Amino acid sequence: MKKNKRSLIYCTNEYPGDLYSEKVFVDSELSALRRHFDRVILVPCENVPRTMGYESRLPDGVVADWSLADNPVVHSRVRKLLYIFHPFVLRSLCMMVGEARTPAQWAKGLFQALNTVTIKRVIKKITRRRSLTPSDTVLYSLWFHNSAAALALLAREEGWHMSTRAHTSDIYDHQMLFRSRRVRSRLLHSIDHVFPISAAGLNYFRHRFPEHASRFHLAPLGSTRLYAPASGQPPCDGPLELLTVARLDPIKRLDMIMDVLTEVARTNPAKPLRWTIIGDGECMEALETKAAAITVPNFKVKFEGALPNAEIQRRLSTRSPHWFIMMSYSEGIPISMGEAMSYAIPVISTDVGSISELATPDCAILFDRDITIADCARLLSPRIFDPGLRATMSARALANWQSRFNSAEISQQTATAIAAP
């Protein structure tokens, strides 16, 4: 039972702009957060298109503040240099001695510090304009990067409570050109909780920052299932149906999936395959061109574009595909994969990031990231057409989702920790 009016400032990268993947992340948490906070203020960092209308459909008590995304200083390297003599920036440069070893690394560390200061100044203005204080408001970031650092700096200066999630590149320092361990450790003193989404990320943090081990807590993003799964297995009398739900980005390697499935179809001419892609992005045109050039008659590719999550889940519940497929070069734990598993759909994927924490070998066909197209197709062919294997993996996929990725319980636990005084 809420006793006092409380607010949450929730920094995202782009949402409620048109970044669909962030929408899925944030939407799964909002209902749990609203049980603890009367008002949630979404603060996106990037000024992106808003054509999808996500902001107009935010739940009651959730609003967007675009002050940070629209701020010209935040998005100008030249203007940020006005703060080069800020005490935090100078202190950060001193702490980088012995860590930064090249001019590029020094420049990266400098602008990380400048980003922290400029973002912090905007967030501080938001709190003043909305009459928010540390006694009635908590700070939270979806990503453990510049916005989280800015919130931590504000918390350090004024006594706010602050938490952040952490995913992939915002966890692992080796995935960045440079990020100072000393600067991060100092900021962690002002962060109540860091929620890595994977066990691998949790272990990395605890090893890298043992002095802050108690601040790190595993919290998979999870997914919310909107409908009951279809009863029984997908019919086997038509094409073998495969589905990908993803941002059409080079890192997702959808061109590789297309090549693999083309080869599988070529070597199994009597077995029709149909691959449906839901999502959009920079690779759409190239993928459509590539699909149009396929000459194997028993393989068809269908592009659905971006669809609302409710529509995707409705389709999964009414006519589920035989397999969910991803071949990404790098991943955390994809929400779309968890959603597919919640409808008892087994997985085909590269074993990258923390995917195997969710899609274990008993419910997924996993490949090494560097497998060749020919080897992948050869190993895949005898397995994806096996109805007995699919049935076994389908049951295990649903069980894994229920025990590891059901956001209802995960989100409530995380929200309770964030809201705790």
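See above for the structure.
Residues numbered from 1 in each chain as written. Predicted model: local features only at pLDDT ≥ 70, side-chain atom pairs only at ≥ 80, totals over all residues. Heavy atoms only, no water.

Now for the overall build of the chain. Of the regular secondary structure elements, the chain holds 16 helices and twelve strands. The C-alpha radius of gyration of the chain comes to 23 Å, within 12% of the 22 Å expected for a compact globule of 421 residues. In terms of overall dimensions, the chain has a C-alpha envelope of 70 × 55 × 40 Å along the principal axes. Of the contacts made within the chain by residues no fewer than 6 positions apart, 73% connect residues no fewer than 24 positions apart. (Helix = DSSP H or I, 4+ residues; strand = E, 2+ residues; numbered from the N terminus. Rg over C-alpha atoms; globule rule 2.2 N^0.38 Å. Contact = heavy atoms within 4.5 Å.)

In terms of burial, strand 5 (residues 161–166) is largely enclosed, as five of its six residues are buried. Bridge count between strand 4 (residues 137–141) and strand 5: four bridges; the pairing is parallel. The residue of strand 5 that forms the bridge with Ser141 is Thr164. For the segment spanning strand 4, helix 6 (residues 146–158) and strand 5, crossover handedness is right-handed. Pairing of strand 5 with strand 6 (residues 193–196), which is carried by four bridges, proceeds in the parallel orientation. Paired with Arg165 across the bridge in strand 6 is Phe195. With helix 7 (residues 181–188) bridging strand 5 and the parallel strand 6, this β-α-β connection has right-handed handedness. (Buried < 20%, exposed > 50% of the residue type's maximum accessible area, 1.4 Å probe, protein only. Pairing = 2+ DSSP bridges. Right-handed = clockwise from strand over helix to strand, strands pointing away.)

So, on to helix 14 (residues 373–384). End to end, helix 14 covers 16 Å across twelve residues, agreeing with the expected 16 Å (1.5 Å per residue, within 8%). Within helix 14, burial applies to Cys376, Ala377, Leu380, Ser381 and Ile384. All buried residues of helix 14 fall inside an arc of 130° around its axis, so they share one side. What points out from helix 14, more than 90 degrees from its buried face, is the exposed set Ala374, Arg378 and Pro382. In this fold, the buried residues of helix 14 make contact with strand 7 (240–245), helix 9 (254–267), strand 10 (323–326), strand 11 (347–350), strand 12 (364–367) and helix 15 (387–404). (Expected span 1.5 Å × (residues − 1). Arc of directions from axis to C-beta.)

Our next topic: the pairing of strand 2 (residues 39–44). Of all six residues in strand 2, five are buried, a share of seventy percent or more. Examined bridge by bridge, strand 1 (residues 7–12) and strand 2 share six bridges and lie parallel to one another. From the neighbouring strand, Ser7 faces strand 2, where its bridge partner is Arg39. With helix 1 (residues 20–34) bridging strand 1 and its parallel neighbour strand 2, the resulting β-α-β unit is right-handed. Judged from the three bridges that link them, strand 2 and strand 3 (residues 62–64) form a sheet pairing that is parallel. Among the inter-strand pairings, Leu42 is bridged to a residue of strand 3, identified as Ala64.

By the secondary structure assignment, Ser381 is in helix 14. Look past the residues within four positions of Ser381 in its chain and what remains in contact with it is Val264, Thr267 and Asn268.

What follows deals with the sheet that holds strand 2. Read from one edge to the other, the open sheet built from six strands follows the order 3-2-1-4-5-6, with strand pairing classed as parallel. Strands with a single pairing partner mark the edges of an open sheet, and in this sheet they are strand 3 and strand 6. Neighbour-to-neighbour, the strand axes of this sheet turn through a mean angle of 20°, independent of strand direction. Its contacts with the sheet place helix 6 against strand 1, strand 4 and strand 5, and it is angled at close to 150° to strand 4. Along the sheet, helix 16 (residues 407–419) makes contact with strand 1, strand 4, strand 5 and strand 6, crossing strand 6 at roughly 160°. (Axes fitted to C-alpha atoms, helices over the stretch in contact; angles between N-to-C directions.)

The parallel open sheet is built from six strands, whose spatial order is 9-8-7-10-11-12. This sheet does not close on itself; its edge strands, each paired only once, are strand 9 (299–305) and strand 12. If you compare each strand with its neighbour and ignore which way they point, the axes differ by 20° on average. Both strand 11 and strand 12 contribute to a ladder of four bridges, which runs parallel. Its bridge partner being in strand 12, Thr350 is matched across the sheet by Phe367.

Next up on the list: the packing of aromatic side chains. In this structure the tally under the stated criterion is nine aromatic pairs. Between Tyr172 and Tyr204 the ring centres are 4.9 Å apart and the planes differ by 65°, which places this aromatic pair in the edge-to-face class. Taken together, the residues span a long stretch of sequence, with Tyr172 in the loop between strand 5 and helix 7 and Tyr204 in helix 8 (residues 199–208) at a distance of 32 residues. Each residue in the set Phe144, Tyr172, Tyr204, Phe205, Phe209 and Phe216 is aromatic and connected to the rest through ring pairs, giving one cluster. Geometry around Phe144 places Arg184 over its ring, the cationic atom sitting 4.0 Å from the centre. For the cation-ring pair, Arg369 lies above Tyr329, with the distance from its terminal atom to the ring centre recorded as 4.1 Å. (Phe/Tyr/Trp six-rings, centres within 6.5 Å; stacked < 30°, edge-to-face > 60°. Lys NZ or Arg CZ within 6 Å of the ring centre and 35° of its normal.)

Turning to the packing of helix 12 (residues 335–342) against helix 15, a few remarks are in order. Two elements in contact, helix 12 and helix 15, have axes whose closest approach is 7 Å; the angle formed by their N-to-C orientations is 120°. Classed by the angle they form, the pair helix 12 and helix 15 counts as oblique. The crossing of helix 12 and helix 15 is left-handed. Contacts between helix 12 and helix 15 pair Gly338, Met341 and Ser342 from the former with Ala397, Leu398, Asn400 and Trp401 from the latter. Here the contact of helix 12 with helix 15 is composed, by residue class, of four nonpolar, three polar and no charged. (Parallel < 35°, antiparallel > 145°, perpendicular 65-115°, else oblique. Left-handed = near helix turned anticlockwise from the far one by under 90°. Nonpolar A, V, L, I, M, F, W, Y, C, P; charged D, E, K, R; others polar.)

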